[in-house]
Amino acid sequence: MEDNNLKGSPYHRHRDPEAGGSPSIDVYDVSSNPFDIASTKNAPIDRLKRWRQAALVLNASRRFRYTLDLKKEEDKQHTLRKIRAHAQAIRAAYLFQRAGGQRETTPPILRGDFGISQDQLAEITKDDTSAALEEYGGVKGLSELLKTNLDKGIHGDGADLLERRNIFGSNTYPRKKGRTFWMFLWEAWQDLTLIILIIAAVASLVLGIKTEGIKEGWYDGGSIAFAVILVIVVTAISDYRQSLQFQNLNEEKRNIFVEVVRGGRRVEVSIYDIVVGDVVPLNIGDQVPADGVLITGHSLAIDESSMTGESKIVHKDSKGPFLMSGCKVADGSGTMLVTSVGINTEWGLLMASISEDTGEETPLQVRLNGVATFIGIVGLTVAVAVLIVLLIRYFTGHTKNSDGTVQFKAGTTSVSDAVDGAIKIITVAVTIVVVAVPEGLPLAVTLTLAYSMRKMMADKALVRRLSACETMGSATTICSDKTGTLTLNQMTVVETYVGGKKIVPPDSGSHLSSTLVSLLIEGIAQNTNGSVFTPDGGDEVEVSGSPTEKAILHWGVKIGMNFDAVRSESSILHVFPFNSEKKRGGVALRLADAQVHIHWKGAAEIVLASCTQYMDFNGQLVPMDEEKNMFFKEAIEDMAANSLRCVAIAYRTCDSKDVPSDEEHSTKWVLPDDELILLAIVGLKDPCRPGVKDAVQLCQNAGVKVRMVTGDNIKTARAIALECGILGSDADATEPNLIEGKSFRALSDAQREEVAEKISVMGRSSPNDKLLLVQALRKRGHVVAVTGDGTNDAPALHEADIGLAMGIQGTEVAKESSDIIILDDNFSSVVKVVRWGRSVYANIQKFIQFQLTVNVAALVINVVAAVSSGNVPLNAVQLLWVNLIMDTLGALALATEPPTDHLMHRSPVGRREPLITNIMWRNMLVQAAYQVIVLLVLNFRGRIILNLQHDDNAHAEKVKNTLIFNAFVFCQIFNEFNARKPDEFNVFAGITKNRLFMGIVGLTLILQVVIIEFLGKFTSTVKLNWKYWIISLVIAVISWPLALAGKLIPVPETPLSNYFSRAYHRLKRIFCSRGRSA
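From a predicted model like this one, the values you see are computed outputs, not experimental measurements.

Focus: the overall build of the protein chain
Check the secondary structure of the protein chain and you find 38 helices and 26 strands. Out of the 1078 residues belonging to the protein chain, those deemed buried represent 55%. Within the protein chain, counting contacts between residues at least 6 apart in sequence, those at least 24 apart form 73% of the total. Accessible area of the protein chain: about 45700 Å², with a carbon and sulfur share of 56%.

A look at the UniProt feature "transmembrane region" (unreviewed entry) in the protein chain
UniProt tags residues 184–209, 221–240, 371–395, 425–451, 847–867, 919–938, 996–1016 and 1028–1049 as "transmembrane region" (unreviewed entry). The annotated region residues 847–867 carries 100% helix and 0% strand content, and the separation between its end C-alpha atoms amounts to 30 Å.

A look at the nonpolar core
Formed by 149 residues in total, the largest nonpolar core has its most connected members in Ile-726, Ile-802, Ile-820, Phe-827 and Phe-968. Excluding residues that lie within four positions of it along the chain, Ile-802 makes contacts with Ala-468, Thr-471, Met-472, Ala-475, Val-783, Val-784, Ala-785, Val-786, Asp-819 and Ile-820. Counting residues in each nonpolar core, the second largest holds 39 residues, with Ile-124, Val-139, Leu-146 and Ile-167 among its members.

Observations regarding the packing of helix α36 (residues 1026–1037) against helix α37 (residues 1039–1046)
Contact geometry for α36 and α37: axes closest at 5 Å, N-to-C directions at 15 degrees. As the angle between them shows, α36 and α37 are arranged roughly parallel. Where α36 abuts α37, its residues Ile-1035, Ala-1036 and Val-1037 lie against Ser-1039, Trp-1040 and Pro-1041.

Quick look at the pattern of salt bridges
Should their charged atoms come close, side chains of opposite charge can pair. Here the structure, examined in full by the defined rule, presents 31 salt bridges. The salt bridge involving Lys-316 is made with Glu-304; its shortest N-O contact spans 3.1 Å. Pair noted here: Lys-316 is in the loop between β5 (313–315) and β6 (322–323) and Glu-304 is in the loop between β4 (291–303) and α11 (305–308), with a separation of twelve residues, a long-range link. Accessibility classification places Lys-316 together with Glu-304 in one group, the buried group.

Topic: the packing of aromatic side chains
Between two aromatic rings, the relevant description is the distance of the centres plus the angle of the planes. Tallied over the entire structure, the rule returns 17 aromatic pairs. Relative to Trp-1040, the ring of Phe-974 has its centre 4.8 Å away and its plane inclined at 40 degrees; by these criteria the two rings are tilted. Of the two residues, Phe-974 is situated in helix α33 (residues 953–980) and Trp-1040 in helix α37; the sequence distance between them amounts to 66 residues. The class of Phe-974 is buried, set by a relative accessible area of 9%. Geometrically, the ring pair formed by Phe-977 and Trp-1040 is edge-to-face, given 5.5 Å between the ring centres and 75 degrees between the ring planes. Taken as a pair, Phe-977 in helix α33 and Trp-1040 in helix α37 lie far apart in primary sequence, 63 residues in all. When its relative accessible area of 10% is taken as the criterion, Phe-977 is described as buried. Overall, the relative accessible area of 26% leaves Trp-1040 in the partly exposed class.

Thoughts on helix α30 (residues 827–869)
End to end, α30 covers 63 Å across 43 residues, agreeing with the expected 63 Å (1.5 Å per residue, within 8%). You can read the cap of α30 off the contacts: a side-chain oxygen lies 3.0 Å from the backbone nitrogen of Ser-828, and it is on Asn-826.

Things to note about the sheet that holds strand β26 (residues 820–822)
Across the sheet, eight strands lie side by side as β8-β26-β25-β24-β9-β21-β23-β22; this open sheet has mixed pairing. Edge strands, defined here as strands with exactly one partner in the open sheet, are β8 (461–463) and β22 (738–740). Along the sheet, successive strands turn relative to each other by an average axial angle of 20 degrees, direction set aside. Looking at chain direction, β22 and strand β23 (residues 761–763) are connected through three bridges and run parallel. Within β23, the position partnered with Leu-738 by the bridge is Val-761. Most of the contacts of helix α24 (residues 714–724) go to β22, to which it runs at about 155 degrees, and overall it touches β21 (705–709), β22 and β23. Packed onto the sheet, helix α27 (residues 767–779) meets β9 (477–480), β21, β23 and β24 (784–788) and runs at close to 170 degrees relative to β24.

Examining the packing of α33 against α36
Between two packed helices, both the angle of their axes relative to each other and the distance between the axes serve to describe the pair. Close contact between α33 and α36 brings their axes to 8 Å; oriented N to C, the two are set at 40 degrees. When the axis of α33 is compared with that of α36, the two are oblique. In the packing of α33 onto α36, the handedness of the crossing is right-handed. Where α33 approaches α36, its residues Val-959, Leu-963, Asn-966, Ala-967, Phe-970, Cys-971 and Phe-974 are matched on the opposing element by Tyr-1028, Trp-1029, Ile-1031, Ser-1032, Leu-1033, Ile-1035, Ala-1036 and Val-1037.

Here's the deal with helix α26 (residues 749–756)
When α26 is considered as a whole, its buried residues turn out to be Arg-752, Val-755 and Ala-756. Buried residues of α26 fall within an arc of 100 degrees about the axis and therefore sit on the same side. Packing partners of the buried residues in α26 comprise β21, β22, α25 (741–746) and α27.

Examining the pairing of strand β16 (residues 596–603)
Here β16 lies mainly inside the structure; eight of its eight residues are buried. In terms of strand pairing, strand β15 (residues 584–591) meets β16 through seven bridges, oriented antiparallel. Opposite Leu-589, over in β16, you have His-597 as the bridge partner. Between β15 and the antiparallel strand that follows it, β16, lie four residues; Ala-594 among them carries a positive phi value of about 75 degrees.

Some remarks on the confidence of the model for the protein chain
Low-pLDDT portions of the prediction should not be read for the details of their coordinates. Per-residue confidence for the protein chain averages 81 on the pLDDT scale, and 83% of its residues sit at or above 70. Contacts from residues 1–30, a stretch scored under 50 in pLDDT, to residues over four places away or in other chains number 71 contacts. Confidence over residues 102–106 falls short of pLDDT 50; this stretch has six contacts with residues more than four positions distant or in other chains.

A few points about the environment of Trp-182
Along the chain, the position of Trp-182 falls in helix α8 (residues 181–189). On the basis of relative accessible area, Trp-182 is assigned to the exposed category, the value being 62%. For the pair Trp-182 and Ala-236, spaced 54 residues apart in sequence, the C-alpha separation works out to 8.3 Å.

Some words on the pairing of β15
The element β15 is largely enclosed, with a buried count of seven among its eight residues. Relative to β15, strand β14 (residues 570–579) runs antiparallel, the two being bridged by seven bridges. Bridge assignment links Ser-570 to a residue of β15, and that residue is Leu-591. Joining the antiparallel neighbours β14 and β15 is a turn of four residues, in which Lys-583 adopts a positive phi near 60 degrees.

Some words on unusual backbone geometry
A cis geometry characterises the amide bond from Val-504 onward to Pro-505, with omega recorded as -10 degrees. Positive phi values are uncommon outside glycine, yet Arg-764 reaches one of about 50 degrees. Within the secondary structure, Arg-764 sits in the loop between β23 and α27. Positive phi, normally seen in glycine, also occurs at Asp-825, with a value near 60 degrees. Structurally, the position occupied by Asp-825 is in the loop between β26 and α30. Owing to a relative accessible area of 3%, Asp-825 belongs among the buried residues under this scheme.

The rules behind these values
- Residues numbered from 1 in each chain as written.
- Predicted model: local features only at pLDDT ≥ 70, side-chain atom pairs only at ≥ 80, totals over all residues.
- Heavy atoms only, no water.
- Helix = DSSP H or I, 4+ residues; strand = E, 2+ residues; numbered from the N terminus.
- Buried < 20%, exposed > 50% of the residue type's maximum accessible area, 1.4 Å probe, protein only.
- Contact = heavy atoms within 4.5 Å.
- Areas by Shrake-Rupley, 256 points an atom, 1.4 Å probe, with all protein chains shown as cover.
- UniProt positions renumbered as here; feature names shortened; annotations may be inferred.
- Core = buried A, V, L, I, M, F, W, Y, C linked by side-chain atoms within 4.5 Å.
- Axes fitted to C-alpha atoms, helices over the stretch in contact; angles between N-to-C directions.
- Parallel < 35°, antiparallel > 145°, perpendicular 65-115°, else oblique.
- Salt bridge = Lys/Arg side-chain N within 4 Å of Asp/Glu carboxyl O.
- Phe/Tyr/Trp six-rings, centres within 6.5 Å; stacked < 30°, edge-to-face > 60°.
- Expected span 1.5 Å × (residues − 1).
- Polar contact = N/O pair within 3.5 Å; in protein donor to acceptor, adjacent residues only side chain to side chain.
- Pairing = 2+ DSSP bridges.
- Left-handed = near helix turned anticlockwise from the far one by under 90°.
- Arc of directions from axis to C-beta.
- pLDDT = per-residue confidence, 0-100.

Given below as structure tokens:
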């Protein structure tokens, strides 16, 4: 049932959704590194499985929570197939029953004042034949039963809407509940290391109570258990809050706004507010908002793949008038009468049966899983080494108590004491693993993305795909539309040529002939998707439609058009909807006297090329000679040079016998578009958006090239590009910087790649030209962001690294193919998305720098102390507190830093750029080395330095270890400030704007004071006097000037990882060559 008219449609490029899509540019190259995925957009399932299997994971349910649940995805597709099969079986059974004459004759129960019940409406839809509809008098009869006027819609007042919802239901469906807090708590429990620690805590508790009694013996085991529970609760709270943010964002995504006709005027309502009886206009790219029947349609083609699973286009007419909720308009236009909503539709049943999975991994998330795995392996190795060393030292009698006595003596120490000592050693080793394996590292991406997505909503950007958020930080070029994105999309007719002359003022029609005005008004009123509503009070008319349509309709009203009267004087035979490829749209009309007029409207120079005559002031037809043709061409060029959009209006007559008489032939009729008579050329002004020039300049400073891709005249595009700053001067406005779509299209693949690099403006481009440009740029290694609003933009949006659909002018098809929706259609909002994308990457790097510094310092201090003395200065409870600061609180503080202008003075982040840069390595090593040296000096010489030689051994050891713990925690708190600005000297810039950061730092400080002063029994610490607090503070404060000095150390341009990689490959080649020679 497909039509050649749809060859330019994006539906021909989309594969069956169940079969999965694959991009035309291969970015999923098979790499030896399973964590190296350049883009997760439409990544193959096998590629996603590889990195999951390679990751070292201690808590799979938490680590993989915000990744795509591959099993659930398979189950979802299976459920979809079952529901579709079920719906088709019900329909087949109903038709069989009907054919056998076994239809039940139980009278329906009618409710309210309506002449039809919901069950009867459902039967009509299930039957899916026009015969069932005819039993109720066709669409006209059905509308009367539903108390709907097919032209003016329902009344739409509060009482009417409430009654319809009560009787026929609302357009909502029950959704599966999200996970509760208790489920997050349960997931947080399932960490292998935490489970081992709980077991160790229970064993320690039992042994402690047995040996020391319940009053003193529960502290060791109880404190570990309390610390573990605290980690679990804080983790669950953080994860639960993230989940709520995602749920709110998903609600925003689902809330589509559609046009309905109520009380004679077109109004925009939420899809949830649609009621049975509503009259809904449908245009190309719209989603069918509910089940219904077609009232009128012109070349209306529906993509039903979302419901049937088959990727085919179905044409709708009076023989097949039924429309299913959730389907998309692939071509044409029409109006529908809503017959079923919400759970009474197949779409509602489908949506209620599947839970929407928000899981989706991002390239950064995958890479961080790789980093976490590497660090985890190192940490695990260190923990095992510490465990072995401590156990050997303990059981060989080399581990001593603080008073100098040996802890274990063979044959003397009781079994319970020996087990208790071994449990403490195992606890320390396991806690090292807790600190060393950064489970929170990949989740930090989700945290910063959730934060960024919420803030981006305030900046008028709705993120549909998580990965787009971070990919935008790598964007090297933005291919932007002109109309509505760079301009305000507020068009007005400012210049007109009618009757072969320029009209001043443009809306002065009094001196034109009645024939010319009549034909002009007829073309404006009938060849449009817009409408004009005149209120009863005679107030100013309300015009709806696209900005171009609204501007022309306003102009028509000013020259005397009565919209409703003109439309009633003729009937529409056939419509050729505006086509992005042909840049024009047409309509065939039958007048009261049986004459047939065909009106065309579109790009001025294209329509003009089809004109052989024009109508003069007196309504006489004049041949279009060379001189007049040149006059009109020059007029178009002058208007375009002044950044006006030029639209021509023309018509021709047609012999009645050439018009198809039956509906089947009528839908395939190609409207004649030759020998046209030019009626008017209008110039529409669409001013540039305020601030767009600054936004373009900001992009260029940030290393992001902005390219304008527009369907408008090349001269209009040039004028706007100069005004916006995309073209710097007239000297830049030459080929190949400035190119027409047809010229670019004609090039070979290799030439296109070469030219694409230089293009700044492409005029008179088709959606396919935009797709070719995106493909050429991606082959050149660019990370491409593309804006689009039309249905035909869907392939380019899908192909691009980041597809940006327009929220106001964008069709539902464009939005569903996009990654981010720009809610205000403003280019400045696109630039804000770039800032946020860079901010995501920068915040993750801050968190990595902070976390790795803690990791390295904690591991080195404990390992060196364990190997040399058999004791560790940082015990299990203290390490768990450090882990809490590092994982959850640290992520909250650093992953929620707002973007700064500094981010837009850098080049885009390369896809393959190492996560840990040379600058980060330098900062980490400086801070970690400082902490390790100071704390190890305190560990081995602390009693002398602190003048504790004369104190009791046990007390002196506790004071020393407490100071080490306190200084260590203070160092991390102060280092959080350093991590805020890894490459800037002023780490305090903008700190007051981030209240969350200040709050977390303040909370951590208060809790640390509470731990030292009041919870010593739990943490094995003692109270410190003011001198030791000052020492801790001084040790921590030194990290600030040290960080400043460290930033003066130059770092090589080549990433450190490259040196290691070269050394590894060199060694590999040596071993391989030796193996072959052997």
